[in-house]
Amino acid sequence: MVFEQAMMIENMPPAERARYEPRLRESQVVLIRTLISDQLRYINIAKSSADSLLQLINDILDLTKIEAGRMALSKLPVSVVSLLEEARSHCMGLLHRQPKPVEIVVDADDGLPLVIADPVRLAQVLNNLLSNAIRYSPGGSPIDVTIDTGDAPTGAVVRVRVIDRGPGLSADDAERVFDRLYRTDEARSRVDGGSGLGLSIVRSIVETHGGEAFVETNPGQGSTFGFTLPVATRSS
């Protein structure tokens, strides 16, 4: 259409051309903006697909290394609260993509002890749990994260719970939710880009640190995903 207008104006007398040239320029600007908008949309789609594929590849590699006992861990005394704040910042992009705002509310006991963990891998655990909760939380509902201490057969532990208000899980789903590639909702996973490996990685990393991953849930009442890690001692 713009090309046809340009050809028509090109054949007009100069006086007539002067009247129509601003309209042509305006049409050209609209066309360029439309093309740029479409191009940006396709670029964003391609980037999102590439990011999802890269994440899937990284998840597969991580899980393979963990299960083969080949993942190198640099265990240090670390603060779970500090790493949680970093994980919350990391998930801001996913939070903003929700139809309605989702808030992450943290309730941590005062004076929490440190744990012995690889900070990079513990951050990965927290990222995966927060991402999972965000994907399955109704828009506008908060995600509660609690951090406290408890006792386990092996001694004192720090316990982290990530509580969502999503659809919850059936008893069968709860039994299998940490299994590799297990998805409770195939359609939802395709839309949200879940790989089906995130929770399996959570369990594997936590267990290599001597902790335990767990889920507490009821259908229609949300889910609580969490883990425990041994408290750092002077000897460790």
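These notes cover the structure that comes with them. The model shown is predicted, which means the values in this text are computed figures rather than measured ones.

Considering the environment of Ile-60
As for its placement among the helices and strands, Ile-60 is situated in helix H2 (residues 14-67). Its relative accessible area of 39% is what places Ile-60 among the partly exposed residues. Through-space distance from the C-alpha of Ile-60 to that of Arg-180 is 9.6 Å; in sequence the pair is 120 residues apart.

Observations concerning the pairing of strand E7 (residues 223-230)
Most of E7 is tucked away, with 7 of its 8 residues classed as buried. Both strand E5 (residues 155-163) and E7 contribute to a ladder of 7 bridges, which runs antiparallel. When the bridges of E7 are listed, Val-158 appears paired with Leu-229. As defined by bridge partners, strand E6 (residues 212-217) adjoins E7 across 6 bridges and the pair is classed as antiparallel. When the bridges of E7 are listed, Phe-214 appears paired with Gly-226. Adjacent in sequence and paired antiparallel, E6 and E7 are bridged by 5 residues, among which Gly-220 carries a positive phi angle near 80 degrees.

Some words on the packing of aromatic side chains
What the rule picks out here adds up to 1 aromatic pair. Ring geometry for Phe-178 and Phe-225: centres 6.0 Å apart, planes at 80 degrees, overall edge-to-face. With Phe-178 in the loop between helix H6 (171-176) and helix H7 (186-192) and Phe-225 in strand E7, this pair connects stretches of sequence that are 47 residues apart. One exposure class covers both Phe-178 and Phe-225, and it is buried.

A look at the nonpolar core
In terms of nonpolar packing, the biggest core is built from 43 residues, with Val-115, Leu-122, Leu-129, Leu-130, Val-145 and Phe-227 touching the most fellow members. For this core, the leading source of residues is helix H5 (residues 119-136), giving 8 residues. Those residues in contact with Leu-130, other than ones at most four positions away along the chain, are Leu-84, Ala-87, Arg-88, Cys-91, Ile-104, Val-145 and Val-162.

Here's the deal with the packing of helix H3 (residues 80-90) against H5
Geometry of a packed helix pair, given as the angle between the helix axes and the separation of the axes. Packing of H3 against H5 brings their axes to within 9 Å, and their N-to-C directions diverge by 55 degrees. With respect to their mutual orientation, H3 and H5 come out oblique. Here the hand of the crossing between H3 and H5 comes out right-handed. Of the residues in H5, those touching H3 at Val-80, Leu-83, Leu-84, Ala-87, Arg-88 and His-90 are Pro-119, Leu-122, Ala-123, Leu-126, Asn-127 and Leu-130. Of the residues assigned to the contact of H3 with H5, the class counts are 9 nonpolar, 2 polar and 1 charged.

Thresholds applied
Residues numbered from 1 in each chain as written. Predicted model: local features only at pLDDT ≥ 70, side-chain atom pairs only at ≥ 80, totals over all residues. Heavy atoms only, no water. Helix = DSSP H or I, 4+ residues; strand = E, 2+ residues; numbered from the N terminus. Buried < 20%, exposed > 50% of the residue type's maximum accessible area, 1.4 Å probe, protein only. Pairing = 2+ DSSP bridges. Phe/Tyr/Trp six-rings, centres within 6.5 Å; stacked < 30°, edge-to-face > 60°. Core = buried A, V, L, I, M, F, W, Y, C linked by side-chain atoms within 4.5 Å. Contact = heavy atoms within 4.5 Å. Axes fitted to C-alpha atoms, helices over the stretch in contact; angles between N-to-C directions. Parallel < 35°, antiparallel > 145°, perpendicular 65-115°, else oblique. Left-handed = near helix turned anticlockwise from the far one by under 90°. Nonpolar A, V, L, I, M, F, W, Y, C, P; charged D, E, K, R; others polar.

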